[in-house]
Amino acid sequence: MDNPYRYECFITDMSGFGLFDDSGCLRCTSPDLDGVVFERNRLGWGKIRRIKLTKKGVIFGKEVD
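What this report covers is the structure whose coordinates are included nearby. By convention here, each chain's residues receive numbers from 1 onward along its written sequence. Only residues with pLDDT of at least 70 get local features here, since the model is predicted, and only at 80 or more are side-chain atom pairs given and counted; chain-wide, interface and lining totals rely on the full set of residues. Water and hydrogen atoms were dropped before computing side-chain values, which therefore reflect all heavy atoms in the structure.

### With respect to the packing of aromatic side chains
Part 1: For this analysis, a ring pair means two rings from Phe, Tyr or Trp (six-membered ring only for Trp) whose centres lie within 6.5 Å, classed as stacked if their planes differ by under 30 degrees, edge-to-face if by over 60, and tilted for the remaining angles. Considering all chains together, one arrives at one aromatic pair under this definition.
Part 2: A centroid spacing of 5.4 Å and a plane angle of 90° characterise the contact between Phe 20 and Phe 60, whose relative ring orientation is edge-to-face. You can see Phe 20 sitting in strand β1 (residues 17–20) and its partner Phe 60 sitting in strand β4 (residues 57–64), a full 40 residues away along the chain.
Part 3: Each residue's exposure class comes from its accessible area (1.4 Å probe, protein chains only) as a fraction of the maximum for that residue type: buried when under 20%, exposed when over 50%, partly exposed otherwise. On the basis of relative accessible area, Phe 20 is assigned to the buried category, the value being 7%.
Part 4: Only when the NZ atom of a Lys or the CZ atom of an Arg is both within 6 Å of the ring centre and within 35 degrees of the ring normal do we say a charge sits over the ring. Lying over the aromatic face of Phe 20, Arg 49 brings its terminal NZ or CZ to 5.5 Å of the ring centre. Only DSSP runs of H or I with at least four residues qualify as helices, and only runs of E with at least two residues qualify as strands; both kinds are numbered from the N terminus onward.

It is worth stressing that arrangement in space is one thing and function is another; only the former is reported here.
Structure follows, in structure tokens:
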């Protein structure tokens, strides 16, 4: 049985989108929007934001509707 409170999440150079909970914790990443939307629909909550990995660090973009 899946536990929605246990998660593993990594940001790589292929991460394009991330799903964040209300406290700002990153719950999942995906190179495409469909992967993150699927997880948000499964959990029933979350905000989707763009993610970009640069040589200087991670940039979290604006929220995606």
